[in-house]
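# Remarks on the overall topology
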Amino acid sequence: MKVLVTDPIADAGLDRLREAGYEVETAYDVEGDALLDAVSDANGLIVRSGTQVTAEVFEAAPDLVIVGRAGIGVDNIDIDAATEHGVIVANAPEGNVRAAAEHTVAMGFAAARSIPQAHTRLKNGEWAKSDYLGNEVNGKTLGVVGLGRVGQEVAKKYHSLGMDLVAYDPYIGQERAEQLGAELVEFDECLSRADFLTVHTPLTPETEGLISTDELETMGSGYLINCARGGVVDEAALAEAVESGVLDGAAVDVFADEPVSPDNPLLSVENVVVTPHLGASTSAAQENVAVSTADQVVAALREEP
Ligand code: NAD
Ligand code: MLT
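Residues numbered from 1 in each chain as written. Chains lettered and ligands numbered in written order. Predicted model: local features only at pLDDT ≥ 70, side-chain atom pairs only at ≥ 80, totals over all residues. Heavy atoms only, no water.

## Here's the deal with empty space enclosed by the protein
Note the cut-off: Grid points spaced at 1 Å over the protein atoms alone were grouped into cavities, where a 1.4 Å probe fits but cannot get out, and pockets, open sets with protein on both sides within 12 Å along at least five of seven lines, with lining residues defined by an atom within 4 Å of a point. Grid points are joined across faces, edges and corners, and a volume is the space filled by probe spheres set on the points. Gly falls in the polar group here, along with every residue not listed as nonpolar (Ala, Val, Leu, Ile, Met, Phe, Trp, Tyr, Cys, Pro) or charged (Asp, Glu, Lys, Arg).
Tallied over the full model, the rule gives one cavity of 30 Å³ or more. Empty space within the largest cavity amounts to approximately 40 Å³. Every residue along the wall of the largest cavity is listed here: N226, G230, V233, D234, E235, L238, V252, V254 and L266. Looking at side-chain class alone, the lining of the largest cavity contains five nonpolar, two polar and two charged residues.

## Some words on the pattern of salt bridges
For clarity, the threshold we go by: The working definition used for a salt bridge is a side-chain nitrogen of Lys or Arg within 4 Å of a carboxyl oxygen of Asp or Glu. Helix numbering and strand numbering both begin at the N terminus, where a helix is a DSSP run of H or I of at least 4 residues and a strand a DSSP run of E of at least 2. Relative accessibility decides the category of a residue: with a 1.4 Å probe and only protein chains considered, values under 20% of the type maximum give buried, values over 50% give exposed, and everything between is partly exposed.
Tallying each qualifying case throughout the model produces twelve salt bridges. Salt-bridge contacts for K2 lead to E25; the nearest nitrogen and oxygen are separated by 2.7 Å. Taken together, the residues span a long stretch of sequence, with K2 in strand β1 (residues 2-5) and E25 in strand β2 (residues 23-26) at a distance of 23 residues. Judged by its relative accessible area of 27%, E25 is partly exposed.

## Comments concerning the sheet that holds strand β8 (residues 182-184)
Just so we agree on the cut-off: Here, any two strands with at least 2 DSSP bridges between them count as paired. Axis definition: a line fit to C-alpha positions, over the contact stretch in the case of helices; interaxial angles, taken between N-to-C directions, run 0 to 180 degrees. Whether two residues are in contact is decided by their heavy atoms, any of which lying within 4.5 Å being enough.
Strands sit in the order β8-β7-β6-β9-β10-β11-β12 across an open sheet of seven strands; the sheet is parallel. With one partner strand each, in any of the chains shown, β8 and β12 (272-274) form the two edges of the open sheet. Pairwise comparison of adjacent strand axes, ignoring direction, gives a mean angle of 20° for this sheet. Taken together, the four bridges between strand β10 (residues 223-226) and strand β11 (residues 249-252) define a ladder with parallel strand orientation. Paired with L224 across the bridge in β11 is A250. Running over the sheet, helix α7 (residues 149-159) touches β6 (141-145), β7 (164-168), β9 (196-199) and β10 and is turned about 175° from β6.

## A few points about the packing of helix α1 (residues 11-19) against helix α12 (residues 283-301)
Test applied: Should an angle lie under 35 degrees it is considered roughly parallel, over 145 roughly antiparallel, and from 65 to 115 roughly perpendicular; all remaining angles are considered oblique. Crossing handedness follows the turn of the near helix against the far one: under a right angle anticlockwise gives a left-handed crossing, and clockwise gives a right-handed one.
Running from amino to carboxyl end, α1 crosses α12 at an angle of 20°, the nearest separation of the two axes being 7 Å. Between α1 and α12, the angle is such that the two are roughly parallel. By crossing handedness, the relation of α1 to α12 is classed as right-handed. Residues A12, G13, R16 and L17 of α1 lie in contact with α12, whose contacting residues are E287, A290, V291, A294, D295, V297 and V298. Partitioning the contact of α1 with α12 into residue classes produces seven nonpolar, one polar and three charged.

## Here's the deal with the sheet that holds strand β4 (residues 66-69)
Within a sheet, neighbouring strands are paired by backbone hydrogen bonds and run either parallel or antiparallel to one another. Ordered in space as β2-β1-β3-β4-β5, the five strands form an open sheet in which the pairing is parallel. The sheet terminates laterally at β2 and β5 (88-91), the two strands that pair on one side only. The average undirected angle you get between the axes of adjacent strands in this sheet is 20°. Bridge analysis of β4 against β5 gives four bridges, and the strand direction is parallel.

## Things to note about a negative patch on the surface
For clarity, the cut-off: Exposure above 30% relative accessible area and no salt bridge define the residues that can form patches, which grow by joining like charges within 9 Å and nonpolar side chains of Val, Leu, Ile, Met, Phe, Trp and Tyr within 5 Å. Where accessible areas are quoted, they stem from the Shrake-Rupley method and a 1.4 Å probe; at the residue level, only the protein chains shown are allowed to cover. Counted charges follow a simple rule, with Lys and Arg positive, Asp and Glu negative, and His plus the chain ends left uncounted. Here the site of a charge means atom NZ of a Lys, CZ of an Arg, CG of an Asp or CD of a Glu.
A surface patch of like charges, here negative, comprises D33, D37, E56, E59, D80 and E84. When residues of the negative patch are traced back to their parent elements, those giving at least two are α2 (32-39), α3 (55-59) and α4 (79-84). Looking at the secondary structure, you find D80 in helix α4. Judged by its relative accessible area of 57%, D80 falls in the exposed class.

## Focus: the environment of H103
Looking at where H103 falls in the secondary structure, it is placed in helix α5 (residues 97-112). H103 sits in the buried class, given a relative accessible area of 15%. Along the chain, H103 and A90 lie 13 residues apart, while their C-alpha atoms are 24 Å from each other.

## Observations regarding unusual backbone geometry
Each neighbour pair has its own omega, and for E258 with P259 the value is -10°, a cis peptide bond. On the secondary structure map, P259 appears in the loop between β11 and β12. For S114, which is not a glycine, the phi torsion comes out positive at approximately 50°. As for its position among the elements, S114 is in the loop between α5 and α6 (115-123). A positive phi angle, close to 60°, is found at E303, a residue other than glycine. Looking at where E303 falls in the secondary structure, it is placed in the segment after α12. Of the residues examined, E303 reaches a relative accessible area of 75% and is grouped as exposed.

## Considering the site of ligand 2
Quick reminder of the rule: When at least one non-hydrogen atom of a residue lies within 4 Å of a molecule or strand, that residue is treated as near it. We define a polar contact as two N or O atoms separated by no more than 3.5 Å, with the added condition that, inside protein, one atom must be a possible hydrogen donor and the other a possible acceptor, whereas residues neighbouring each other in sequence contribute only through side-chain atom pairs.
Around ligand 2, a shell composed of R48, R69, A70, G71, I72, G73, N96, R229, H277 and A280 is seen. Measuring from an oxygen atom of ligand 2, one finds a side-chain N or O atom of H277 at 2.7 Å. When ligand 2 sits alone it has 270 Å² of accessible area, and the protein chains cover 92% of it.

What follows is the structure, encoded as structure tokens:
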């Protein structure tokens with residue numbers, strides 16, 4: 001049986017598949033007909049966020065049993081088409097939560113203290129000490145939109161840094177929020193009270209474009225951090241809000257279209273700090289998700305639970 005891997009995963013996951021006796025084919029960055037051809041005799045497919053697993057992919061893969069997502073978000077996989085074709089979709093919901101939360105905290109500080117901007121100028125020989133007056137997180141309010149695994153971990157970390165917490169998540173109980181020291185509030189209140197707003201929802205039809213011009217104006221000031229999914233925050237609206245001074249800054253790890261095009265409006269705004277979808281990119285997280293995904297693929301191919 002063959003397992004096709006179309007986005008790079010840690011060697012530990014590939015080894016696990018080989019040790020279980022499967023042929024492992026890696027074909028990174030394939031798309032279009034090359035992807036359809038590669039998947040045509042695959043029994044398992046493993047992806048991260050790079051590969052778009054569309055209905056066409058399922059049609060081209062009659063022997064496919066499982067798509068393993070070495071990470072959390074499954075918005076790049078057509079779940080309805082998978083169901084129609086009887087293919088299991090399994091993600092790795094735990095392995096990169098800490099990595100994503102740590103990156104979110106780092107991005108908050110990067111934006112509030114202009115670390116990348118000052119770094120670039122100093123590397124270019126410029127001592128721009130008097131150009132940067134940052135903001136502290138201590139004593140400020142963090143608004144968390146989406147209080148799931150990553151959102152909760154981020155809330156804990158910022159709380160320990162002296163922040164008050166408000167959160168909006170229509171699917172989580174008051175009791176859980178209180179255990180974290182967070183006040184569960186309505187969406188608009190979360191926006192208006194947040195000095196730092198951090199987004200941790202999945203990308204779904206309900207959350208697509210959740211934060212746009214009106215919502216950023218409700219925030220009125222402060223910083224927006226998006227290490228969840230690009231489509232949740234309207235990029236043009238965010239760029240405009242920072243450029244015009246509605247917000248003090250933003251930090252963005254994820255984009256509606258990745259890899260991001262050079263004319264994306266967020267790239268040209270000085271107070272927007274960006275990283276190329278690095279939230280889960282630590283060696284521990286990548287090993288965790290690769291092994292967990294490989295184990296699920298092996299179990300599915302062996303018809304085990
Ligand atoms: P999760 O499923 O544990 O939590 C998501 C939370 O969002 C849930 O509590 C859910 O109730 C809430 N939610 C759903 N719809 C909502 C809405 N309309 N408004 C407010 N809340 C809503 O997911 P997670 O593991 O915490 O991951 C969160 C996000 O982070 C996902 O989009 C995931 O893909 C992304 N992620 C990104 C990276 C990265 O590399 N940048 C790494 C890991 C996860
Ligand atoms: C995720 O949803 O887990 C992230 O997109 C991480 C990734 O695979 O890059």
